[in-house]
Amino acid sequence: MGFARTCSVALVGVEGVVVEVQADLEPGVAAFTLVGLPDKSLTESKDRVRAAVVNSGGEWPQKKLTVGLSPASVPKGGSGFDLAVACAVLGAAERIDPRTLTDIVMIGELGLDGRVRPVRGVLPAVLAAADAGYEQVVVPECTAAEAALVPGVSVLGVRSLRQLIAVLTDEPVPEEEPDEPGRPDPMLAGLCVPGTGVGTGLSGGLDDALALDLADVVGQASARTAVEVAATGGHHLFLQGPPGAGKTMLAERLPAILPRLTREESLEVTAVHSVAGMLPPGKPLVDTAPYCAPHHSATMQSLVGGGKGIARPGAVSLAHRGVLFLDEAPEFSSQTLDSLRQPLEAGHVVIARSAGVVRLPAKFLMVLAANPCPCGRHTLLGDGCECPASVVRRYQARLSGPLLDRVDLKVQVEPVTRSELAGYGTRGDSTQTVADRVRGARERAAARLAGTGWRTNSEVPGHALRTRWPAERGALDAAELDLERGFLTARGLDRVLRVAWTVADLAGRDRPAAQDVALALQLRTGVSRGVPTAIGALT
C-alpha cells in the first residue's frame, strides 16, 4: 500500500482554503476514485491527470487508487487541482519521495500532453497558502510573476509535469520547446476567460486614462468641481443633464485623477480580477484605479455578483477601489439599482447561495448619469421636450429615494453653449493639475485620519466627524436648518459634513467653514447657496 499527500487551494469567492490532496494505492482492480465534494470540472481531472502522467514518461499505477480532498465539507471546483493530484499519485506510487510533497502547495491545470496550464485566482490562492503558513508554492510558469507578489513565499514556475518531477527528484530538468515566435500563446487562454464575470468595459490602465484629458471637457465648471470633490473624498456622484453635455466624458476622466493604489489596495484589486479572469496578460499587478461601465441591460447577478454554484465577482467587485459608472441609470431595472444599497454602505457584498455564502469586496466610487426625460430635452430652453409630465415623473422616479440618499453629489449638467464650444471661454485645468490637487488633499486627510483605519472622508462615520473633528462654530447652521425643514435626512446631513471636510481639504483649511458647508449643500441639493463653485475661489 502506498500513500502520499500534498496541498492545493480551493477558492470560495476571493478567499482561499488550503486543501490537502491525499492519494492512496491498494491492491485490487485498477480504478480511480476522486472524493471530497468535487464539481464536474474537477471530476474530469481523473482523465487529464492519467493522460498527463503517461505522456510525461511516467507509469500509471495499475491498482485501486483513491484520491481524497480534505476538508471534504468544502465545495471544490476548477481545474487548478490537477497538478497536486498528479504529484500525490506519483508520490503514492513512489515515483516521487512522499516526504518532499508534504509542505508544498501546487496550483495548475494539466494538459493531456503534460503541459501545465494557468488557472484563474492564483494570487488569492497563494495569499491563502501564505496565511496558512506554507512557504513553497508551485504554479504555472506564466503566472509565477502574479504568485511572486505575495511576500515570504518561494515560488516555482513550471511549464510541464516533466519539469516538476525532475525538480522534486533531483534529476536534470528537461528543456521544453518554446512556442514558435509570432504565434499566440495557448497557455494564456486560461487567464482571460470570456463570459466569466461581466462585460464591464474595463479600462486599459492609467496610460489609456491619461489620454483622456479633463481639459477636453468644454464648460461644466460645477460638474468639474463635483468630479474633483468626488475623487478627493470618495463621494458618489449623480450627473443629470441632456444628451451631449459631457456626462460620459467626465466619468471616463475620473479614474485618471484618482491617486495610484497602495500596495495593499493593489493586492485586493488584483485578487478580484484574477478570480474573474480579467487580468491583462503580462500585467500581474493592477496598480491603478479600475473603471467599470456595465451596459444598462446588465442583470442584478452581473452587477453585484452571482452565478451557478459559488458566486463569482460582479461589476461592483471589479470596480473595487475604482469607479463604477452607470450610464443611462434610469434604464437599469429598479431591482438591479436597489441591489447597490448594501455595497454602497458596507463596502462589500454578501451573496448567499445553496453552495455557500461568499463575501466579495465592493468599495467603489459610483457615478450615475441620467437624462432628465426619455427624449433628453426636458430642461432645454425653448420647450423642446414632447414627453408628457407623467412620463417624465415615472422616468425620474426609477432612481429610488433611498438610492439617491446615498449619493453625496448631485449636479445638473447644463447644455454646452456655442461660445464655449468655439473655445472663446477659458480652458479648464488639465487632468495632471487636478490630480495633483486631489493627491495633496488626500494627504491632508490621511494625516488627520492616521491610526483610525479610515482612508477617505466618505468612510468616516458622522458621529466621529461631529465629535472628534468638529467644524467651525456656526458652520453647520444652514445644513441643520435644512434637516429641520425635511430637505435633508440624518444620513444626508452626515454626507454633507463629509463633503464639507473634502472641500476644506482641497482649500487647505484645517476644518470646514460656513462656505465649505454651503458648497457641500449646493453640490448635494442642486440649490445655489451663493458660493463660487471653483475650488480655487474658496482658498
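Residues numbered from 1 in each chain as written. Predicted model: local features only at pLDDT ≥ 70, side-chain atom pairs only at ≥ 80, totals over all residues. Heavy atoms only, no water.

It is worth spelling out the layout of surface pockets at this point. Looking at the largest pocket, its volume works out to about 1100 Å³. Around the largest pocket, the lining is made up of 45 residues, and of these G234, R321, R442, T456 and E459 lie nearest the centre. Of all the elements in the fold, those that place two or more residues in the lining of the largest pocket are α7 (206–210), α9 (247–257), α14 (341–346), α18 (431–448) and α21 (490–507). For the lining of the largest pocket, the leading source of residues is α18, giving 7 residues. Of the residues in the lining of the largest pocket, the class split is 19 nonpolar, 11 polar and 15 charged. (1 Å grid on protein atoms, 1.4 Å probe; cavity = no way out; pocket = protein on both sides within 12 Å on 5 of 7 lines; lining within 4 Å. Points joined across faces, edges and corners; volume = space filled by probe spheres on them. Helix = DSSP H or I, 4+ residues; strand = E, 2+ residues; numbered from the N terminus. Nonpolar A, V, L, I, M, F, W, Y, C, P; charged D, E, K, R; others polar.)

Take the packing of aromatic side chains next. If you walk through the whole model with that rule in mind, you get 3 aromatic pairs. With 6.4 Å between their ring centres and 75 degrees between their planes, W454 and W469 make a pair best called edge-to-face. Of the two residues, W454 is situated in the loop between α18 and α19 (462–467) and W469 in the loop between α19 and α20 (477–485); the sequence distance between them amounts to 15 residues. (Phe/Tyr/Trp six-rings, centres within 6.5 Å; stacked < 30°, edge-to-face > 60°.)

By size, the foremost hydrophobic cluster in this structure holds 55 residues, and its most contacted members are L237, L239, L254, V367, L409 and V517. Sorting elements by how many residues they give to this core places α21 first, with 8 residues. Of all hydrophobic cores here, the second largest spans 38 residues; its members include V21, F32, W60 and V85. (Core = buried A, V, L, I, M, F, W, Y, C linked by side-chain atoms within 4.5 Å. Buried < 20%, exposed > 50% of the residue type's maximum accessible area, 1.4 Å probe, protein only.)

On to helix α3 (residues 82–92). With 11 of 11 residues buried, α3 lies mostly within the body of the structure. Along α3, the residues that are buried comprise D82, L83, A84, V85, A86, C87, A88, V89, L90, G91 and A92. Residue E94 follows α3 closely and has a positive phi angle near 65 degrees.

In this section: the pattern of salt bridges. Under the counting rule described, the total for this entry stands at 27 salt bridges. Here R48 and D82 are joined by a salt bridge, their closest N and O atoms 2.7 Å apart. Here R48 is found in helix α2 (residues 45–55), whereas its partner D82 is found in helix α3, with 34 residues between them in sequence. Of the two residues, R48 and D82, neither departs from the other in class, the shared state being buried. (Salt bridge = Lys/Arg side-chain N within 4 Å of Asp/Glu carboxyl O.)

With respect to burial, helix α4 (residues 122–131) is a largely interior element, 7 of its 10 residues being buried. Burial in α4 covers these residues: V122, L123, P124, A125, V126, A128 and A129. Considering only its buried residues, α4 is in contact with β1 (2–12), β2 (15–26), β5 (104–106), β8 (136–140), α5 (144–147) and α10 (263–276). (Contact = heavy atoms within 4.5 Å.)

Using the criterion set out here, one finds 2 cavities of 30 Å³ or more in the structure. In this structure, the second largest cavity encloses a volume near 30 Å³. If you trace the second largest cavity, you find it lined by T232, A441, R442, A445, R455, T456, N457 and D505.

Relative to β2, β1 runs antiparallel, the two sharing 11 bridges. When the bridges of β2 are listed, A10 appears paired with V17. (Pairing = 2+ DSSP bridges.)

In space, the 5 strands of this open sheet follow the order β11-β12-β15-β10-β16, with parallel pairing throughout. Edge positions in the open sheet fall to β11 (291–292) and β16 (409–412), since each of these has one partner strand only. Across 4 bridges, the pairing between strand β10 (residues 237–240) and strand β15 (residues 365–370) is parallel. Across the sheet, Q240 pairs through a bridge with A370, a residue of β15. This element, α9, spans β10, β11, β12 (323–326) and β15 of the sheet and lies at about 170 degrees to β15. (Axes fitted to C-alpha atoms, helices over the stretch in contact; angles between N-to-C directions.)

Time to look at the side chain of D482. If you trace the backbone, D482 turns up in helix α20. Relative accessible area serves as the criterion here: at 4%, D482 is assigned to the buried category.

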